[in-house]
Amino acid sequence: MQAAPRTILYVVIVALAVALGAAPAAPEATERWFSTGIYPRVQQLLTPVSNAVPFALFDVLAGIAVAALVAVLVCGARQARRVRQAAPMLRAVARVVVGAALIYLTFLLLWGFNYRRVPMTERLLVEAGAPMPEAVVQLGLDAAARLNALHDAAHQSGWREAPWQDATLREAFTQVQRNLSDAPPAVPGRLKRTVFGPYLRWASIDGMVNPFGLEALANPDLLPFERPFIAAHEWAHLAGYADEAEASFVGWLTCVRADVEAQYSGWLALYWQVASEVNEMERARLAGALDPGPRRDVEAIVARIRRGEWPWLQQAGWRLYDRYLKANRVEEGVRSYGAVVTLVLRARFADGWVPVRRGFD
Ligand SMILES: [Zn+2]
């Protein structure tokens with residue numbers, strides 16, 4: 001008996017997906033052939049295409065995927081009922097499995113392999129170990145001082161709706177990428193709305209990258225002073241820094257060397273991160289260090305999140321993301337967000353927050 005060529009193809013696709021999913025991590029090789037090799041070229045092709053359309057390609061792709069899933073299953077069920085046999089339904093399920101394997105392979109090849117690249121702690125000169133708690137609090141106080149100093153100028157100059165068209169932020173992003181790797185710099189992406197916006201709101205997720213279209217999707221409720229940092233964070237993902245802490249680190253580095261609005265946004269994000277990691281007493285001390293202006297902005301963010309979130313969906317959403325990160329070998333899961341504070345405190349910097357790379361001297 002001979003298996004049909006199509007069956008062989010199906011088996012090969014699923015086997016390839018399973019094999020790549022389980023393949024041992026090889027950070028140096030992945031960095032070379034993927035993250036600084038084919039990926040930047042793919043990004044430079046895909047993101048400009050996505051930037052050219054105002055809607056999210058993600059919405060279109062998700063619609064097609066759901067329609068195809070329903071069509072295959074309904075078709076299989078109808079046929080199975082007509083011939084009174086399970087075979088057509090089993091074939092339909094097999095098609096769904098092959099489809100899922102193809103989607104996973106596409107995910108890996110367009111973006112997902114970035115989860116397996118060389119980590120920032122090996123790319124840069126970073127002191128080993130966790131920072132001392134006092135250093136974390138001091139970073140929060142420094143951030144508060146920066147916010148106090150920048151607040152009026154940042155608010156006076158107004159807030160741009162479209163950070164991807166902001167020349168200083170784009171230029172800063174390119175510079176930061178050059179500091180971090182020799183790969184061709186990534187193209188900044190337009191912050192887009194998505195039909196999944198309500199989900200981002202209810203789960204209080206600020207933004208995400210569509211790995212199949214290399215575009216940045218944002219929570220529809222972001223406040224103007226949050227947008228420059230969220231944009232820079234998502235751009236860092238587009239530059240192949242898949243890890244959340246690394247994306248926040250790159251986003252912060254980008255913001256602090258751009259204009260005052262972006263600087264304010266970057267320090268605000270870092271303040272927020274530090275405040276979420278210290279104990280209640282220290283958090284009160286950080287809040288006390290803020291002038292009325294920045295305090296109003298922090299309170300506005302708290303109010304935005306409270307208004308939008310559905311606590312059960314928020315927990316479910318973050319649990320799902322945690323599982324997704326762990327499936328992509330981010331052992332710390334969503335806790336990896338917090339590692340940005342460690343990077344800011346332990347990485348070595350030259351003047352102007354330029355991080356020092358390791359092993360290139
Ligand atoms: Zn992110």
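Residues numbered from 1 in each chain as written. Predicted model: local features only at pLDDT ≥ 70, side-chain atom pairs only at ≥ 80, totals over all residues. Heavy atoms only, no water.

Undergrad: So, the pairing of strand S2 (residues 207–210): which residues are in play, and what are the values?
TA: Looking along a regular strand, one sees the side chains alternate between the two faces of the sheet. Here four bridges tie S2 to strand S3 (residues 215–218), and the two strands are oriented antiparallel to one another. Residue pairing across strands places Met208 opposite Leu217, the latter belonging to S3. Joining the antiparallel neighbours S2 and S3 is a turn of four residues, in which Leu214 adopts a positive phi near 45°. (Pairing = 2+ DSSP bridges. Helix = DSSP H or I, 4+ residues; strand = E, 2+ residues; numbered from the N terminus.)

Undergrad: Give a detailed account of the coordination of the zinc ion, specifying residues and quantitative values.
TA: Donor atoms from the polypeptide that bind the zinc ion are His233 (NE2), His237 (NE2), Glu244 (OE) and Glu244 (OE), placed at 2.1 to 2.8 Å. Taken together, the four donor atoms coordinating the zinc ion and their angles of 51 to 137° define a geometry best described as irregular. Counting residues between consecutive donors of the zinc ion along the chain gives the motif H-x3-H-x6-E. Pair noted here: His233 is in helix H9 (residues 227–238) and Glu244 is in helix H10 (residues 244–256), with a separation of 11 residues, a long-range link. Residue class for His233 comes out buried when judged on its relative accessible area of 6%. According to the relative accessible area criterion, Glu244 is buried, its value standing at 4%. (Donors = N, O, S within 2.8 Å, 3.2 Å for Na, K, Ca; no water. Tetrahedral: all angles 85-135°; square planar, octahedral: opposite > 155°, others 65-115°. Buried < 20%, exposed > 50% of the residue type's maximum accessible area, 1.4 Å probe, protein only.)

Undergrad: I'd like a rundown of the environment of Phe196, residues and numbers included.
TA: Secondary-structure assignment places Phe196 in the loop between strand S1 (191–192) and helix H8 (197–202). The partly exposed category is assigned to Phe196, whose relative accessible area is 35%. Counting along the chain gives 137 residues from Phe196 to Asp59, while the straight-line C-alpha distance between them is 7.7 Å. Setting aside chain neighbours within four positions, we find Phe196 in contact with Phe58, Asp59 and Ala62. (Contact = heavy atoms within 4.5 Å.)

Undergrad: Could you give an account of the sheet that holds S3, naming the residues involved and the relevant values?
TA: Spatial strand order, S1-S3-S2: three strands in an open sheet with mixed pairing. The open sheet has two edge strands, S1 and S2, and neither has a second partner. Sheet strands touched by helix H3 (residues 57–83): S1, S2 and S3. Its angle to S2, the strand with the most contacts, is close to 65°. Across the sheet, H9 touches S1, S2 and S3, and the angle it forms with S2 is around 30°. (Axes fitted to C-alpha atoms, helices over the stretch in contact; angles between N-to-C directions.)

Undergrad: So, the nonpolar core: which residues are in play, and what are the values?
TA: Met120, Phe249, Trp252, Trp267, Tyr271 and Leu286 are the most contacted members of the largest nonpolar core, which totals 76 residues. Two domains share this core, each providing at least three of its residues, namely domain 1 (5–116) and domain 2 (120–355). Leaving out residues up to four positions away in the same chain, Trp267 has contacts with Ala143, Arg146, Leu147, Leu150, Trp252, Val256 and Trp353. Residues Ile13, Ala17, Val98 and Ala101 belong to the second largest nonpolar core, which totals five residues. (Core = buried A, V, L, I, M, F, W, Y, C linked by side-chain atoms within 4.5 Å. Domains from an automatic or database assignment.)

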